[in-house]
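The lines below spell out each chain.
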Amino acid sequence: MVWRLLVYMFFISFTSDQFIRAQDYTDYVPPAPPPEEENCDGIFVSYTFISRQKEFPHVKNASAQAWAFKAMATVLNAGTFELKAWKIFIGFQHDEILVSAGGAVVMNGDDMPAAVGNGTYLSGFPQTDLKTSIETAGDLTQIEVQIPITGTQFGVKPPGVPMPRTISLANDGYKCPKPTVKKTAMHVCCTRKPKFKVKTESTKFLPRQYGDLSFVYDIIQAYDGNYLAQVTIENNHPLGRLDHWNLTWEWMRGEFINTMRGAYTHKIDSTDCIYGAAGQYYKGLDFSQVMNCEKNPIIGDLPSEKAKDDKVGFIPHCCRNGSLLPTIMDQTKSKAAFQLQVYKIPPDMNRTVLFPPQKWKIVGVLNPDYKCGPPIRVDPTEFPDASGLLQVTSSAIASWQVTCNITRPKKRNSRCCVSYSAYYNDSVIPCNTCACGCDDTETCNPNIPSMLLPSEALLVPFENRTAKAKAWAKLKHLNVPSPLPCGDNCGVSINWHINSDYKTGWTARITLFNWEEIIFEDWFVAVEMKKAFLGYENIYSFNGTVLKDINNTLFFQGLPGLNYLMGEVNGSDPKSDPKVPGKQQSVISFKKKLTPGIKIVQGDGFPSKLYFNGEECSLPTEFPIGDGNRYRVNLVPVILLTLVTSMLMTNHLH
């Protein structure tokens with residue numbers, strides 16, 4: 001009898017365990033609210049672990065075992081102020097991969113599944129605001145949101161529970177103490193800061209925020225079943241830039257783009273409409289005339305030739321061929337705009353039911369990476385009279401703002417790189433190995449430093465430098481590794497050369513190499529100089545601007561008529577000669593009067609950061625070494641030579 005009882009108990013335990021691990025959210029019964037919720041005068045945020053199940057493959061290493069987990073996050077407005085555009089932080093810590101989060105989106109715009117092992121911010125959609133219990137008579141559907149979460153986590157062998165390290169409210173004006181943690185649940189009551197005041201202008205919407213790049217999604221006409229929207233893009237960062245930009249977002253409620261002005265979608269296709277919910281509802285619509293039915297359309301700017309086109313043009317700030325310049329270069333070219341007619345599907349057919357697209361992303365060609373937040377409802381945009389004759393303004397029906405900020409490129413993920421050289425050392429320190437990534441490492445070593453080069457090797461593509469690098473190593477008695485280091489794989493490289501160093505000043509030479517086939521129009525280079533900035537005197541073949549307020553930065557751009565960095569072309573004999581990069585060059589002079597103690601030979605003359613068209617370039621990790629003796633040179637011949645070269649180039653172009 002004893003063994004039968006043991007078998008029965010094991011069976012009950014096993015089946016119960018299977019039930020717990022396999023339950024769905026329909027079976028989920030929320031636990032009784034903790035006493036802290038009853039006493040919270042603010043925003044109550046909670047996280048409850050529900051269940052998990054071992055995923056394939058099953059491995060013996062517990063830390064490498066994947067588990068599918070389910071959890072529930074809750075945000076409750078228990079205070080006296082409405083919570084606008086709620087957002088929370090969940091401090092995941094077990095290499096979690098977020099697969100779904102009902103009623104929320106990842107704030108940085110990442111698609112799911114998203115790696116969130118270092119924590120993630122979630123914001124609400126479609127319920128973005130939480131009203132108070134006072135103004136809703138305690139209606140939980142308006143004051144609370146529940147976020148069912150599914151995902152994958154690694155490690156934490158049972159009976160351990162894979163809980164986040166923390167949870168908190170991420171809205172401005174609230175402070176959150178350390179959360180209370182129990183075995184399968186944690187919660188925190190975040191209270192409003194007494195001195196915090198939201199700056200509103202007699203409206204119920206949040207104020208507009210600053211971002212390096214910002215979008216405004218304005219509904220300017222609304223009808224039953226469709227609306228007309230205008231998207232405005234503004235570049236606010238003094239070093240930010242986009243070339244040939246491509247914008248994408250995600251329609252969350254089955255919308256599709258019927259027509260556009262000022263921009264176009266890269267794919268004109270109505271298949272998703274015809275075979276989807278839109279086709280079932282709009283049975284009489286000719287979908288062959290619809291521009292795009294993709295859930296994630298890719299939108300590009302029109303060329304300047306279309307600016308005055310009757311069908312797709314005549315939108316202010318449109319049709320710049322995808323160029324967004326910083327305001328320091330041209331304020332009129334720091335903004336772009338386009339319009340689109342959007343069709344909706346049930347149940348959103350009422351003209352007042354309006355939702356912006358989510359998960360905004362924008363990229364350019366050799367430009368910085370931008371991370372964008374979710375759309376936030378803001379005051380309706382006001383537009384001046386289009387004719388300019390009347391002193392009247394019109395307002396958008398509804399407006400949302402999306403702010404984006406530049407993210408620093410990860411190691412080996414830049415798009416441009418820098419090499420160093422100097423008059424006191426005849427070897428060039430080339431760009432870092434795999435500075436811009438390495439896709440093919442079968443025939444080269446991605447983990448060793450690049451080989452020193454003679455200066456003339458900078459003029460040929462990497463694949464043509466092998467013989468020169470080996471011959472130079474032999475001449476200098478340097479080791480030749482096997483396999484050789486991989487290349488930098490960058491589209492643009494910049495050489496910074498210390499040209500001279502004398503008693504009262506010094507000079508550098510900057511050379512830009514374009515290894516791409518495209519032409520960079522209105523290019524710029526920004527150079528951050530920690531120790532030498534105050535000594536800047538002049539640059540002779542470029543335009544130079546001093547940006548004191550931006551980390552001691554020097555801003556260089558091409559002179560009028562010389563603002564094109566040409567693309568790579570074939571050599572004189574394409575069968576035997578290497579390709580030739582597009583090239584621009586100038587000498588820069590510095591004085592030592594305001595930088596006493598500067599040591600050029602020890603590396604003080606090299607930049608601490610360098611940007612090309614807004615993209616932060618990969619810098620070498622070492623400087624050329626000198627013998628410590630200063631090479632005295634008269635500056636006058638250097639400047640005269642540079643001026644003569646510039647004049648000859650200008651005459652040649654004209």
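Residues numbered from 1 in each chain as written. Predicted model: local features only at pLDDT ≥ 70, side-chain atom pairs only at ≥ 80, totals over all residues. Heavy atoms only, no water.

An unreviewed UniProt entry annotates the protein chain as COBRA C-terminal domain-containing protein of Vitis vinifera. Turning to the protein chain, the UniProt record has this under Sequence similarities (unreviewed entry): "Belongs to the COBRA family." Regarding the protein chain, the UniProt comment filed under Subcellular location (unreviewed entry) reads as follows: "Cell membrane". (UniProt positions renumbered as here; feature names shortened; annotations may be inferred.)

Time to look at the overall build of the protein chain. Scanning the protein chain from terminus to terminus reveals nine helices and 38 strands. Within the protein chain, residue pairs in contact and separated by at least 24 positions form 71% of the contacts whose partners lie at least 6 positions apart. (Helix = DSSP H or I, 4+ residues; strand = E, 2+ residues; numbered from the N terminus. Contact = heavy atoms within 4.5 Å.)

Attention now goes to the environment of Asn-613. Checked against the element boundaries, Asn-613 lands in the loop between β37 (609-612) and β38 (615-616). Given a relative accessible area of 0%, Asn-613 falls into the buried group. Residues Asn-613 and Gly-240 lie 373 residues apart in sequence; the distance between their C-alpha atoms is 7.4 Å. What Asn-613 contacts, discounting residues up to four positions off in sequence, is Arg-241, Asp-243, Leu-366, Asn-367, Pro-368, Phe-520, Asp-522, Trp-523 and Phe-524. (Buried < 20%, exposed > 50% of the residue type's maximum accessible area, 1.4 Å probe, protein only.)

With the rule as written, the count across this model stands at 27 aromatic pairs. Ring geometry for Tyr-281 versus Tyr-282: centroids 4.9 Å apart, planes at 85°, classification edge-to-face. Tyr-282 gets classed as buried once you look at its relative accessible area, which sits at 13%. Taken together, a centroid distance of 6.0 Å and an interplanar angle of 70° make the contact between Tyr-536 and Phe-590 edge-to-face. Taken together, the positions of Tyr-536 in strand β32 (residues 536-539) and Phe-590 in strand β36 (residues 582-591) put the pair 54 residues apart, joining distant regions of the chain. As far as burial versus exposure is concerned, Tyr-536 and Phe-590 are alike and both buried. Taken together, the ring pairs in this structure connect Phe-215, Tyr-217, Tyr-227, Trp-249, Trp-251 and Trp-360 into an aromatic cluster. Note that Arg-377 overlies the ring of Trp-400, its terminal NZ or CZ placed 5.0 Å from the centroid. (Phe/Tyr/Trp six-rings, centres within 6.5 Å; stacked < 30°, edge-to-face > 60°. Lys NZ or Arg CZ within 6 Å of the ring centre and 35° of its normal.)

A few words now on the nonpolar core. Judged by nonpolar contacts, the single largest core of 38 residues is most densely connected at Trp-496 and Phe-612. If sequence neighbours within four positions are ignored, Phe-612 has contacts with Leu-366, Cys-416, Val-492, Ile-494, Leu-512, Phe-520, Trp-523, Phe-524, Val-525, Leu-565 and Cys-617. One finds Leu-213, Ala-229, Leu-247 and Trp-400 within the second-largest nonpolar core, a separate group that totals 33 residues. (Core = buried A, V, L, I, M, F, W, Y, C linked by side-chain atoms within 4.5 Å.)

On to the pairing of strand β7 (residues 120-124), then. Working note: regular strand, side chains alternate between the two faces of the sheet. Taking burial as the measure, the five residues of β7 include four buried ones, the bulk of the element. Two elements, strand β3 (residues 87-90) and β7, share four bridges in a ladder whose sense is antiparallel. Its bridge partner lying in β7, Ile-88 is registered against Leu-122. In this structure, strand β5 (residues 104-106) lies alongside β7, joined through three bridges in antiparallel fashion. Opposite Val-105, over in β7, you have Ser-123 as the bridge partner. (Pairing = 2+ DSSP bridges.)

Take Thr-507: it is sitting in strand β29 (residues 505-514). Taking relative accessible area as the criterion, Thr-507 reaches 0% and is therefore assigned buried. A polar contact is formed between the side chain of Thr-507 and the side chain of Ser-500, at a distance of 2.6 Å. (Polar contact = N/O pair within 3.5 Å; in protein donor to acceptor, adjacent residues only side chain to side chain.)

All right, on to the pattern of salt bridges then. In the structure shown here, the tally under the stated rule is 18 salt bridges. The salt bridge involving Asp-110 is made with Lys-371; its shortest N-O contact spans 2.9 Å. On the criterion of sequence distance, the pair formed by Asp-110 in the loop between β5 and β6 (114-115) and Lys-371 in strand β21 (residues 369-372) is long-range, its members being 261 residues apart. By relative accessible area, Lys-371 is classed as partly exposed at 38%. Where salt bridges share partners, they join Glu-82, Lys-84, Asp-129 and Lys-131 into one cluster. (Salt bridge = Lys/Arg side-chain N within 4 Å of Asp/Glu carboxyl O.)

If you walk through the whole model with that rule in mind, you get ten disulfides. The disulfide partner of Cys-436 is Cys-490, and the S-S distance across this bridge is 1.9 Å. The S-S bond linking Cys-436 to Cys-490 shows a torsion near 95°; that makes this disulfide right-handed. On the criterion of sequence distance, the pair formed by Cys-436 in the loop between β27 (425-429) and α7 (466-475) and Cys-490 in the loop between α7 and β28 (492-501) is long-range, its members being 54 residues apart. (Disulfide = S-S within 2.5 Å.)

On to the environment of Val-587, then. Structurally, Val-587 can be placed in strand β36. Here Val-587 falls in the buried class, since its relative accessible area comes to 8%. C-alpha separation for the pair Val-587 and Ala-508, spaced 79 residues apart in sequence, amounts to 5.8 Å.

If you walk across this open sheet you meet the five strands as β33-β34-β31-β37-β38, and the pairing is antiparallel. For this open sheet the edge positions go to β33 (542-547) and β38, each flanked by a neighbour on one side alone. Alignment of β33 against strand β34 (residues 553-558), held across six bridges, turns out to be antiparallel. Within β34, the position partnered with Thr-545 by the bridge is Phe-555.

As a further point, take the confidence of the model for the protein chain. Chain-level pLDDT for the protein chain is 88 on average; 90% of the residues reach the 70-or-more range. This stretch, residues 1-23, has a pLDDT under 50; its non-local contacts, to residues over four places away or in other chains, come to nine contacts. Here residues 648-654 is a poorly scored stretch, pLDDT under 50, and it has four contacts once near neighbours within four places are set aside; other chains count. (pLDDT = per-residue confidence, 0-100.)

Backbone-to-backbone hydrogen bonds join strands into a sheet, with any given pair of strands oriented parallel or antiparallel. Here six strands make up an open sheet; going across it, the order is β27-β26-β28-β29-β36-β32 and the pairing mixed. At either end of the open sheet lies a strand with only one pairing partner, and these are β27 and β32. Each strand axis lies, on average, 20° off the axis of its neighbour in the sheet, ignoring direction. The pairing of strand β26 (residues 416-422) with β28 spans seven bridges and is parallel. Residue pairing in the sheet places Tyr-420 in a bridge with Trp-496 of β28. (Axes fitted to C-alpha atoms, helices over the stretch in contact; angles between N-to-C directions.)

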